[in-house]
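Okay, here's what each chain looks like letter by letter:
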Amino acid sequence: YGLATGLRYTQMSSSVNKNESFFYWLYRQEGVNTEYLKVKEINQKTDYIGIPVEVKCFVFVPSWIRWYVKAGAEVSFKMNSQTDVTFYDEAMNPYEDGVTAKVPDTGSFSSSLYAAGGAKVGKDSKPSVSFEICLPSVLLTQESTGLVHSTAGFGFQFNVQIPLK
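Everything quoted here is computed from the prediction, not taken from an experiment. (Residues numbered from 1 in each chain as written. Predicted model: local features only at pLDDT ≥ 70, side-chain atom pairs only at ≥ 80, totals over all residues. Heavy atoms only, no water.)

Colleague: Describe the layout of surface pockets, listing the residues and the values that go with them.
Modeller: Its boundaries defined by the atoms lining it, the largest pocket holds a volume of some 750 Å³. Around the largest pocket sit 28 residues that line it, and Thr10, Gln11, Ser137, Phe154 and Gly155 are the ones nearest its centre. For the lining of the largest pocket, the secondary structure elements donating two or more residues are β2 (8–17), β5 (65–87), β6 (109–121), β7 (128–139) and β8 (152–161). Class assignment of the residues belonging to the lining of the largest pocket gives a composition of twelve nonpolar, 14 polar and two charged. Here the second largest pocket is characterised by a volume of approximately 630 Å³. Lining the second largest pocket are 29 residues, with Ala4, Thr5, Glu54, Lys56 and Gln161 positioned closest to its centre. Of all the secondary-structure elements, those providing two or more residues to the lining of the second largest pocket are β1 (2–5), β4 (33–60), β5, β7 and β8. Here the residues of the lining of the second largest pocket are counted per class, giving ten nonpolar, nine polar and ten charged. (1 Å grid on protein atoms, 1.4 Å probe; cavity = no way out; pocket = protein on both sides within 12 Å on 5 of 7 lines; lining within 4 Å. Points joined across faces, edges and corners; volume = space filled by probe spheres on them. Helix = DSSP H or I, 4+ residues; strand = E, 2+ residues; numbered from the N terminus. Nonpolar A, V, L, I, M, F, W, Y, C, P; charged D, E, K, R; others polar.)

In structure tokens, the structure reads:
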């Protein structure tokens, strides 16, 4: 068994698009006038820096590769968020700021619970690398992705570990 913590960078991305070539976005309504824009896609990416706390259990331990499962929790803080709009007609590009202003912003922090499995290559107390698949990851804060409300997801990690002693 092992307990681990550190710093983690996470990028959450969400998008809205249709299988058709565009969808209509309500841009403005004033009196009897209603204006729509033809939008192909809206993408939102948010960068977080977080502090994970994990419990890891090694299940198969030959000499050069160690298989493991783990469970963890993480609290992350927003560093940056960017929303981009792709219009059906490039002549609509001047309206991008008006569309992005109506897209909900992401929250200033994110928290999640997750489980994962992976493999660590390298000996104890020596530099090593590991690769793992996180499935499922449950978001406890729905504001983590402003464009859509995600509750769960998956991901992967590649780690390089360098012991300090």
